[in-house]
Amino acid sequence: MIELRTLRQCYGDHTVVDVDALTLPEGGLTSIIGPNGAGKSSLLGMIAGLQSPTQGQVVLDGQDIVRVKRDSFARRLAFLRQDNTINARLTVRDLVGFGRYPYSKGRLTDHDQRHMDHAIALVGLEPQQHSFLDELSGGQRQRAFIAMVLAQNTGYALFDEPLNSLDIRHAVGVMHLLRRAVEEHDKTVVVVLHDLNFAARHSDRIIAMRDGRIVADGPPEAVIRTEILDDLYDMKLQVVQQCGRPMVDMFG
Ligand SMILES: Nc1ncnc2c1ncn2[C@@H]1O[C@H](COP(=O)(O)OP(=O)(O)O)[C@@H](O)[C@H]1O
Ligand SMILES: [Mg+2]
């Protein structure tokens, strides 16, 4: 379980995250939605231990993450950043191998290689696995980063806008594999999404953020509602029901 306690991130006098309490129990797929600048990436960055909160704590399975050893943390929680650029000239397989670092410390065993094979296959990059990242399309590169996180094989996996640059088929494919991770492997997945229909379709829970605060939190049918979305995005969005699930009509 991940617990956030009076978590705040401030830059100067600008508070960009202000969350009194939030619990993410084990299991399930939680989506975080909200406009640009809402604080979604800052929130995930603090949960992943990449940025220190100005105030408050992130507690992972009962322990403040500042007290969890980096190796142990990396075997329990993986994070795909929104801006995952890498300067070194690496192949897809090299990159995915980084996901095994918390286990292998750089000496990849056969067991590590099997995890890498599996992750590469899940994102459909077997044909490109020996290609350099700078030889790939944006979407292929994004899938390589997703495979790196999957290879880390952690109980908790956080993805900040993982569908960026993906075509519709691969976006659907990634959401399906995240759902499978939840249902078949009991993973806990937290994902920042901009596509509200993907969030509505695939999430167990949706957290809506605006101006650093959580303004709605619940199952899709409780959050994907006209009155909530209008306030969240400052625009009129029509929600229709399709097969018992809410769907946003962007042109409504
Ligand atoms: N390093 C930083 N220094 C100053 N302001 C920052 C920094 N990082 C983020 N911010 C600000 O924090 C707010 C939230 O940013 P972010 O968490 O990236 O939002 P989101 O991911 O929801 O688009 C924005 O107003 C952004 O300008
Ligand atoms: Mg962001």
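Read on for an overview of the structure. (Residues numbered from 1 in each chain as written. Chains lettered and ligands numbered in written order. Predicted model: local features only at pLDDT ≥ 70, side-chain atom pairs only at ≥ 80, totals over all residues. Heavy atoms only, no water.)

Looking at the coordination of the magnesium ion (ligand 2)
- Coordination of the magnesium ion (ligand 2) by the protein involves Ser 41 (OG) and Gln 82 (OE1), with metal-donor separations of 2.0 to 2.1 Å. Of this pair, Ser 41 sits in helix 1 (residues 40-47) while Gln 82 sits in the loop between strand 6 (77-80) and helix 3 (92-98), and the two are 41 residues apart along the sequence.
- With relative accessibility at 35%, the residue Gln 82 sits in the partly exposed group. (Donors = N, O, S within 2.8 Å, 3.2 Å for Na, K, Ca; no water. Helix = DSSP H or I, 4+ residues; strand = E, 2+ residues; numbered from the N terminus. Buried < 20%, exposed > 50% of the residue type's maximum accessible area, 1.4 Å probe, protein only.)

Notes on the site of ligand 1
- Ligand 1 sits among Tyr 11, His 14, Val 16, Pro 35, Asn 36, Gly 37, Ala 38, Gly 39, Lys 40, Ser 41 and Ser 42.
- Contacts to ligand 1 include Ala 38, whose backbone N or O atom sits 3.1 Å from an oxygen atom.
- Considering ligand 1 on its own, with 560 Å² of exposed area, one finds that the protein chains cover 59% of that surface.
- Among the elements of the structure, strand 2 (14-24) and helix 1 are those that each provide at least two residues to the shell around ligand 1.
- In terms of residues, the shell around ligand 1 owes the most to one element, helix 1, which gives 3 residues. (Near = heavy atom within 4 Å. Polar contact = N/O pair within 3.5 Å; in protein donor to acceptor, adjacent residues only side chain to side chain. Areas by Shrake-Rupley, 256 points an atom, 1.4 Å probe, with all protein chains shown as cover.)

Describing helix 6 (residues 138-151)
- Between its terminal C-alpha atoms helix 6 stretches 20 Å, which fits the 20 Å expected from 14 residues at 1.5 Å a residue.
- Most of helix 6 is tucked away, with 12 of its 14 residues classed as buried.
- Listed as buried for helix 6 are Gly 139, Gln 140, Gln 142, Arg 143, Ala 144, Phe 145, Ile 146, Ala 147, Met 148, Val 149, Leu 150 and Ala 151.
- Those residues of helix 6 hidden inside the fold are in contact with strand 6, helix 3, helix 5 (110-122), strand 7 (156-160) and helix 7 (168-185).
- Positive phi shows up at Asn 153, right after helix 6, with a value of about 50 degrees. (Expected span 1.5 Å × (residues − 1). Contact = heavy atoms within 4.5 Å.)

What to know about the environment of Met 175
- Along the chain, the position of Met 175 falls in helix 7.
- The exposure class assigned to Met 175 is buried, which follows from its relative accessible area of 0%.
- As a C-alpha pair, Met 175 and Asp 231 span 56 residues in sequence and 27 Å in three-dimensional space.
- Once residues lying within four places of it in the same chain are set aside, the contact partners of Met 175 are Leu 29, Leu 163, Leu 193, Phe 198 and His 202.

Section: the layout of surface pockets
- If you add up the space inside the largest pocket, you get close to 460 Å³.
- Forming the walls of the largest pocket are 21 residues, and the residues nearest its centre are Leu 50, Phe 79, Arg 81, Met 148 and Gln 152.
- Those elements giving two or more residues to the lining of the largest pocket turn out to be helix 2 (70-76), strand 6, helix 3 and helix 6.
- At 4 residues, strand 6 tops the list of elements feeding residues into the lining of the largest pocket.
- Counted as a void, the second largest pocket has a volume near 320 Å³.
- Along its surface, the second largest pocket is lined by 19 residues, and Leu 122, Leu 150, Ala 181, His 185 and Lys 187 are the ones closest to its centre.
- Put simply, the parts of the chain that give the lining of the second largest pocket at least two residues each are helix 5, helix 6, strand 7 and helix 7. (1 Å grid on protein atoms, 1.4 Å probe; cavity = no way out; pocket = protein on both sides within 12 Å on 5 of 7 lines; lining within 4 Å. Points joined across faces, edges and corners; volume = space filled by probe spheres on them.)

Looking at the pairing of strand 10 (residues 213-218)
- Judged from the 5 bridges that link them, strand 9 (residues 205-210) and strand 10 form a sheet pairing that is antiparallel. Within strand 10, the residue paired with Ala 208 across the bridge is Ala 216.
- Counted between consecutive antiparallel strands, the loop separating strand 9 from strand 10 contains 2 residues, among which Asp 211 sits at a positive phi close to 50 degrees. (Pairing = 2+ DSSP bridges.)

Here we look at the pattern of salt bridges
- This model, assessed by the stated rule, comprises 19 salt bridges.
- We note a salt bridge from Arg 8 to Asp 20, for which the minimum N-O separation is 3.0 Å. Of the two residues, Arg 8 sits in strand 1 (residues 2-11) while Asp 20 sits in strand 2, which places them 12 residues apart along the sequence.
- Residue class for Arg 8 comes out buried when judged on its relative accessible area of 17%.
- The salt bridge partner of Asp 18 is Arg 213, with a shortest N-O separation of 3.1 Å. (Salt bridge = Lys/Arg side-chain N within 4 Å of Asp/Glu carboxyl O.)

As for the nonpolar core
- In this structure, Ile 33, Val 96, Phe 159, Leu 163, Leu 178, Ile 224 and Leu 229 are the most contacted members of the largest nonpolar core, which totals 50 residues.
- Of all the elements, helix 6 adds the most residues to this core, at 8 residues.
- Among residues more than four places away in sequence, those in contact with Ile 224 are Ile 33, Leu 196, Ala 200, Ile 206, Leu 229, Val 239, Pro 246 and Val 248.
- If you look at the next biggest cluster of nonpolar residues, it comprises 28 residues, including Leu 43, Leu 44, Val 68 and Leu 77. (Core = buried A, V, L, I, M, F, W, Y, C linked by side-chain atoms within 4.5 Å.)

Nothing here speaks to function; it is all geometry.
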